[in-house]
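Structural characterization, general
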Amino acid sequence: MASKLFQSTLRGRTAAITGASGGIGLAIAERFLHEGSSVVLLGRDAQKLKVAASQLPHDDRIREHVLDVRLEQSWADAIPLFPDVDILINCAGISQRSLLVRTSEDEIRDILDTNLVGTILGCRAVARHWLKSKRRREPLPDYCIINLSSLLGVRGCAGTSVYSASKAGIIGLTTSLAAEFRGTRVNAILPGYIDTAMTNDADKPQKMKIPVARFGTPDEVADAAAFLAKNKYANNCILNLDGGLSAT
Ligand SMILES: NC(=O)c1ccc[n+]([C@@H]2O[C@H](COP(=O)([O-])OP(=O)(O)OC[C@H]3O[C@@H](n4cnc5c(N)ncnc54)[C@H](OP(=O)(O)O)[C@@H]3O)[C@@H](O)[C@H]2O)c1
């Protein structure tokens with residue numbers, strides 16, 4: 001008899017995904033749709049969201065909403081509009097390519113606000129919402145949060161200090177919330193170098209000595225997100241996905 005685990009899919013689930021207008025966020029939306037989930041694409045730019053949605057199949061299971069992750073009010077306005085959301089994927093992020101001495105205060109604050117504060121606000125917004133709706137839902141949904149951290153949150157690299165600090169903060173956040181929340185699983189993915197707009201100007205994989213000799217694809221990160229969303233024992237997983245770069 002097939003194990004219950006093998007029958008696990010994302011059918012009937014609803015995932016809200018920040019940073020869904022491109023790159024990894026859009027790949028996650030595509031994978032979740034493929035596995036039967038509905039998706040709410042969240043991003044700063046309505047036009048970009050529309051274009052992203054048009055690239056996806058199953059449009060009856062796609063909704064879009066403009067949200068700036070840095071703004072508390074933006075979260076407060078968005079979450080009640082989608083009461084069926086039971087998975088949050090915090091994927092919005094911006095990068096940094098500058099030595100700290102050449103990084104302005106505005107840039108520092110924007111990186112921390114987008115990557116770290118945005119993720120914290122998102123976790124808090126859904127947790128508050130789920131706490132209220134839990135009292136009304138039987139059986140309890142498998143609430144799940146997946147945060148996009150980075151290999152750079154645990155490994156040094158010149159020119160990424162503030163980004164690294166923001167991604168290290170996401171690991172601390174994830175671990176603490178996994179202990180604090182009851183009935184909500186909280187996990188993080190630590191991608192290495194993934195082939196998206198964010199890594200357009202990165203060095204070549206050969207130069208970085210990535211053991212698998214290439215960058216990862218957004219689909220490979222989406223695969224990890226699908227695993228974390230489906231596996232009900234996955235809580236406080238801090239999942240490396242870096243082609244072995246963390247081992248070098
Ligand atoms: N690519 C990599 O190698 C890599 C490695 C490790 C971790 N990550 C992490 O993975 C996540 C996705 O990265 P990616 O490579 O897919 O980058 P990307 O293609 O540049 O996508 C980033 C997304 O974040 C959105 N965003 C930025 N600021 C926002 C804000 N204030 N509010 C809402 N959305 C905002 C962007 O929307 P706009 O289009 O409106 O700007 C875009 O959709 C990020 O958290 C990144 O740090 C990426």
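All of the points below concern the structure found in this document. Since the model is a prediction, treat every value here as computed from it, not as a measurement. (Residues numbered from 1 in each chain as written. Predicted model: local features only at pLDDT ≥ 70, side-chain atom pairs only at ≥ 80, totals over all residues. Heavy atoms only, no water.)

Helix and strand content of the chain: 8 helices and 7 strands. Computed over its C-alpha atoms, the radius of gyration of the chain comes to 17 Å, within 12% of the 18 Å expected for a compact globule of 248 residues. Projected onto the principal axes, the alpha-carbon positions of the chain cover approximately 50 × 45 × 40 Å. Split into buried and exposed, the 248 residues of the chain put 50% on the buried side. Restricting to contacts in the chain with at least 6 residues of sequence separation, those with at least 24 account for 69%. (Helix = DSSP H or I, 4+ residues; strand = E, 2+ residues; numbered from the N terminus. Rg over C-alpha atoms; globule rule 2.2 N^0.38 Å. Buried < 20%, exposed > 50% of the residue type's maximum accessible area, 1.4 Å probe, protein only. Contact = heavy atoms within 4.5 Å.)

Taken in spatial order, the 7 strands make up an open sheet running β3-β2-β1-β4-β5-β6-β7, and their pairing is parallel. With partners counted over all chains shown, the strands left at the sheet margins are β3 (62-66) and β7 (238-241), one partner each. Here the strands of the sheet are splayed against their neighbours by 20° on average, with no regard to which way each runs. On top of the sheet, helix α3 (residues 46-54) reaches β2 (38-43) and β3; it is set at about 165° to β3, its chief contact. On the sheet, helix α6 (residues 161-180) packs against β5 (143-148), β6 (184-191) and β7 and is oriented at approximately 155° with respect to β6. (Pairing = 2+ DSSP bridges. Axes fitted to C-alpha atoms, helices over the stretch in contact; angles between N-to-C directions.)

Taken as a whole, this structure holds 2 aromatic pairs when the rule is applied. Pairing Y193 with F215 gives two aromatic rings, centres 5.7 Å apart and planes at 25°, and the pair type is stacked. Here Y193, found in the loop between β6 and α7 (205-208), pairs with F215, found in the loop between α7 and α8 (218-230); they are 22 residues apart in sequence, far enough to count as distant. (Phe/Tyr/Trp six-rings, centres within 6.5 Å; stacked < 30°, edge-to-face > 60°.)

Of all residues adjacent to the ligand, which total 28 residues, the nearest are S21, R44, K48, Y163 and T196. Measuring from an oxygen atom of the ligand, one finds a backbone N or O atom of G19 at 3.3 Å. In this structure, R70 approaches the ligand through a side-chain N or O atom, which is 3.5 Å from a nitrogen atom. Its free accessible area being 880 Å², the ligand has 92% of it covered by the protein chains. Where the shell around the ligand is concerned, the elements lending two or more residues are α2 (23-34) and α6. Here the shell around the ligand is composed, by residue class, of 12 nonpolar, 11 polar and 5 charged. (Near = heavy atom within 4 Å. Polar contact = N/O pair within 3.5 Å; in protein donor to acceptor, adjacent residues only side chain to side chain. Areas by Shrake-Rupley, 256 points an atom, 1.4 Å probe, with all protein chains shown as cover. Nonpolar A, V, L, I, M, F, W, Y, C, P; charged D, E, K, R; others polar.)

It is worth spelling out the nonpolar core at this point. Of all hydrophobic cores here, the largest spans 34 residues; its most connected members are I28, F32, L41 and I89. Residue assignment for this core shows that the elements contributing at least two residues are β1 (14-18), α2, β2, α3, β4 (87-90), β5 and α8. Discounting chain neighbours no more than four positions away, the residues touching I28 are I17, I89, L148, A222 and A225. In this structure, A16, L42, L88 and A127 belong to the second largest nonpolar core, which totals 25 residues. (Core = buried A, V, L, I, M, F, W, Y, C linked by side-chain atoms within 4.5 Å.)

Next up on the list: the packing of α2 against α8. For the pair α2 and α8, interaxial distance at closest approach is 8 Å and the crossing angle is 55°. Accordingly, the angle class assigned to the pair α2 and α8 is oblique. Judged by the sense of rotation from one axis to the other, the crossing of α2 with α8 is right-handed. When α2 is examined against α8, the residues G23, I24, A27, I28, R31 and F32 are found in contact with a partner set consisting of P218, D219, V221, A222, D223, A225, A226 and A229. (Parallel < 35°, antiparallel > 145°, perpendicular 65-115°, else oblique. Left-handed = near helix turned anticlockwise from the far one by under 90°.)

Here the focus is helix α5 (residues 105-134). With 30 residues, α5 ought to run about 44 Å at 1.5 Å a step, and its terminal C-alpha atoms sit 41 Å apart, in line with that. Helix geometry: α5 is bent most strongly at D113, by close to 40°. (Expected span 1.5 Å × (residues − 1). Bend = angle between axes of the 7 residues up to and from the residue.)

Here we come to the pairing of β4. Along β4, one buried face is formed by I87 and I89 and the opposite face, lined by L88 and N90, is buried too. For β1 and β4, the ladder comprises 3 bridges, and the chain directions are parallel. Bridge pairing in β4 links A15 to I87.

A separate point is the pairing of β1. Looking down a regular strand, the side chains alternate between one sheet face and the other. In terms of burial, β1 is largely enclosed, as 5 of its 5 residues are buried. The alternating pattern of β1 places T14, A16 and T18 and A15 and I17 on opposite faces, both of which are buried. Pairing analysis gives 5 bridges linking β1 to β2, with the strands arranged parallel. Residue A15 lies in a different strand from β2, and its bridge partner there is V39. Handedness of the crossover joining β1 and β2 through α2: right-handed. (Right-handed = clockwise from strand over helix to strand, strands pointing away.)

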